[in-house]
2 protein chains.
Amino acid sequence: MNIHDQTRRKTPRILCIGMPVRDLIFRVPDVPARGSKEHASEFIEIAGGNSPNAAISISRLGGRVLLTGPIGGALAASNATIDDQFRSEGIDTSCLVVVDGVVTPISTIMIDPSGERTIVTFRDPKLWTVKLPSSEMLLAECDAILTEDRCAEFATELCAEAHRRGIPVIVDGDRMMSLREGLLQVASHIIFSADALHATAGESDDIAALRKVAKLTSAFLGVTSGSKGVDWLDRQGEPQRMPAFPVHTVDTLGAGDAFHGAFTLAIAEGQPLEQAMRFASATAALKCTRFGGAFGSPQRIEVDEFLASSPAEITT
Amino acid sequence: MNIHDQTRRKTPRILCIGMPVRDLIFRVPDVPARGSKEHASEFIEIAGGNSPNAAISISRLGGRVLLTGPIGGALAASNATIDDQFRSEGIDTSCLVVVDGVVTPISTIMIDPSGERTIVTFRDPKLWTVKLPSSEMLLAECDAILTEDRCAEFATELCAEAHRRGIPVIVDGDRMMSLREGLLQVASHIIFSADALHATAGESDDIAALRKVAKLTSAFLGVTSGSKGVDWLDRQGEPQRMPAFPVHTVDTLGAGDAFHGAFTLAIAEGQPLEQAMRFASATAALKCTRFGGAFGSPQRIEVDEFLASSPAEITT
């Protein structure tokens with residue numbers, strides 16, 4: 001039995017810090033023009049949110065997940081639905097924190113025939129006043145943390161403690177971050193979306209932007225660009241690129257989250273970086289082939305088989 | 001005491017036949033472009049639907065309302081919310097019919113800073129299999145019916161019976177109708193939206209379109225065109241026009257429904273046609289000044305005061 005097998009056997013436990021969202025997904029022939037009305041052919045109401053979506057991917061890939069973050073105390077029936085959906089995926093939701101008098105974030109997601117998603121979202125500013133449970137509780141048996149930059153306000157202290165303990169902290173850079181953001185210092189890995197990276201660095205070239213952020217953090221830095229693939233800086237600061245796996249895209253909702261979830265699990269499992277990137281890319285690609293947001297995320301066996309049948313492709 | 005006062009004292013009872021909808025209203029800075037994400041500054045989840053919205057307006061204007069039509073049996077918690085909201089408006093919801101295994105229609109409504117609304121909606125086709133309660137129950141003490149053309153499949157027989165009994169049947173022509181549609185024969189009044197009228201008549205001029213439909217029905221015919229006002233054919237078949245009251249528009253959602261509701265109540269009260277049109281226009285105008293769909297509909301006293309302070313304006 002080699003070391004990798006041992007790591008796999010351990011079943012890593014991942015702490016996902018995020019904001020659960022009610023995702024209302026409409027399959028539409030087209031995004032409506034201003035003032036018009038569009039009829040959807042399909043509708044589902046599911047639990048979502050970046051890090052919570054990633055939690056679903058991790059759980060399906062065989063990781064154990066503890067999910068923490070705020071949910072709204074208003075419209076309690078809707079929260080029960082969210083909680084049920086996460087728990088049925090095997091996610092531990094006991095550390096979600098109810099914020100009274102606030103509506104759980106809600107998103108309307110329009111999926112058009114090409115699989116493109118168009119989103120309208122509402123998040124009550126009071127959600128950021130949440131106090132997470134104690135770090136002793138959250139970091140017990142924790143092998144890695146995945147969080148979103150939007151959680152910095154209530155998660156940075158916890159992530160700093162994890163950093164001190166040598167626990168990897170993976171950050172989903174999905175919005176513009178301040179270059180003085182504390183998360184930059186306590187993160188071990190930051191994977192940006194292209195738009196968020198450009199806005200954060202004030203620089204529209206991916207590699208130049210990564211290099212600018214690299215001056216301010218020792219974290220591994222990468223950027224995903226949907227079907228174009230992923231770019232990152234290696235240990236020597238040199239740019240690496242991996243194209244996305246070509247698939248027939250049906251629904252890109254949750255694909256970036258699937259990437260982050262799979263990448264975090266791979267890091268917790270001790271997979272080397274390039275292998276972790278391939279594992280994450282394959283998970284995201286398979287997710288894109290299925291309708292239903294994160295609930296279209298693949299099982300471990302599917303990813304393993306997909307990778308076994310796909311050639312390795314890395315462009316330097 | 002004159003006849004008009006007597007009519008008012010009686011408190012008419014209106015039967016509203018429609019499809020209740022869950023309206024998810026997002027106040028947005030702009031409608032999102034395809035593939036983009038827009039952040040809403042406000043969110044509410046309320047009961048809606050054309051005829052149900054009109055029911056709220058009628059109730060606030062002092063009418064008694066019995067609401068019938070299908071609601072979905074799936075996601076029961078959401079239906080409880082809808083039912084609560086209608087009942088808190090004083091509407092009798094005892095004749096709503098649950099259709100098992102179906103999701104209640106749901107609409108995402110984006111309201112932009114100009115008050116314009118952009119809609120994505122889903123209605124399960126199985127909703128049309130609903131069987132309404134008996135006409136004896138629904139038509140007891142009924143002074144007028146308001147229905148939507150989309151309910152023709154399950155409402156025409158009931159409306160025909162009402163027609164035989166001399167009960168006014170007001171139809172909200174909100175979609176393209178077939179010119180062979182039975183509702184055309186049993187309706188006493190049809191008020192179209194401009195788009196629906198043009199599609200129904202195959203004619204883009206309002207008056208020409210009304211005249212074309214008039215050949216196939218003895219019903220009173222009108223068409224509303226938002227802030228441009230309302231056009232109709234009088235008893236002599238001559239076109240009449242009433243401009244809309246100029247107001248500062250905040251939210252047009254439910255304005256057409258408020259018009260239909262107020263018009264129906266006015267007819268049931270025995271108001272002359274022109275007076276009914278003014279009453280309906282004023283109700284719709286006041287609704288436009290308030291956010292919240294039909295829940296922004298005015299009370300009777302507000303409409304009466306608004307009309308008392310506004311000059312009469314009819315253009316022939």
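Refer to the structure above for everything that follows.
How each quantity is defined
Residues numbered from 1 in each chain as written. Chains lettered and ligands numbered in written order. Predicted model: local features only at pLDDT ≥ 70, side-chain atom pairs only at ≥ 80, totals over all residues. Heavy atoms only, no water. Helix = DSSP H or I, 4+ residues; strand = E, 2+ residues; numbered from the N terminus. Rg over C-alpha atoms; globule rule 2.2 N^0.38 Å. Buried < 20%, exposed > 50% of the residue type's maximum accessible area, 1.4 Å probe, protein only. Contact = heavy atoms within 4.5 Å. Least-squares fit on C-alpha atoms with pLDDT ≥ 70 in both. Phe/Tyr/Trp six-rings, centres within 6.5 Å; stacked < 30°, edge-to-face > 60°. Lys NZ or Arg CZ within 6 Å of the ring centre and 35° of its normal.

Draft legend 1. Region of interest: the overall build of chain A. The secondary structure content of chain A amounts to 11 helices and 14 strands. Relative to the 2.2 N^0.38 estimate, which gives 20 Å for 316 residues, the radius of gyration of chain A is 19 Å and therefore close to what a compact globule would have. A principal-axis box enclosing the C-alpha atoms of chain A has dimensions of 50 × 45 × 45 Å. By the burial criterion, 59% of the 316 residues in chain A qualify as buried. Pairs at least 24 apart in sequence give 69% of the contacts found in chain A among residues at least 6 apart.

Draft legend 2. The relation of the copies chain B and chain A, seen in detail. Overlay of chain B on chain A (RMSD 0.0 Å): rotation 180°, translation along the axis 0.0 Å. Here the two chains are linked by the operation of a two-fold rotation axis. Comparing interface residues between copies, 97% of those in chain B also sit at the interface in chain A, which points to an isologous, same-surface contact.

Draft legend 3. Fine view of unusual backbone geometry. Phi is positive for Glu-141 of chain A, which is not a glycine, with a value near 60°. Looking at the element boundaries, Glu-141 of chain A is found in the loop between α4 (135-139) and β9 (144-148).

Draft legend 4. A look at the packing of aromatic side chains. Here the structure, examined in full by the defined rule, presents eight aromatic pairs over all chains. Look at Phe-26 of chain A and Phe-43 of chain A: their rings are 5.0 Å apart centre to centre, the planes differ by 50°, and that puts the pair in the tilted class. Of this pair, Phe-26 of chain A sits in strand β2 (residues 21-27) while Phe-43 of chain A sits in strand β4 (residues 42-48), placing them 17 residues apart in sequence. Exposure class is identical for Phe-26 of chain A and Phe-43 of chain A. Each is buried. On the basis of an interplanar angle of 75° and a centroid distance of 5.1 Å, the ring pair of Phe-245 of chain A and Phe-306 of chain A is categorised as edge-to-face. You can see Phe-245 of chain A sitting in the loop between β14 (239-242) and α9 (255-268) and its partner Phe-306 of chain A sitting in helix α11 (residues 300-308), a full 61 residues away along the chain. Assessed through its relative accessible area of 13%, Phe-245 of chain A is described here as buried. The buried category is assigned to Phe-306 of chain A, whose relative accessible area is 18%. Through a chain of ring-to-ring contacts, three or more aromatic side chains come together here, namely Phe-26 and Phe-43 of chain A together with Phe-122 of chain B. Just above the ring of Phe-291 of chain A sits the side chain of Arg-27 of chain A; from NZ or CZ to the centre is 4.1 Å.

These values are about where atoms sit, not about what they do.
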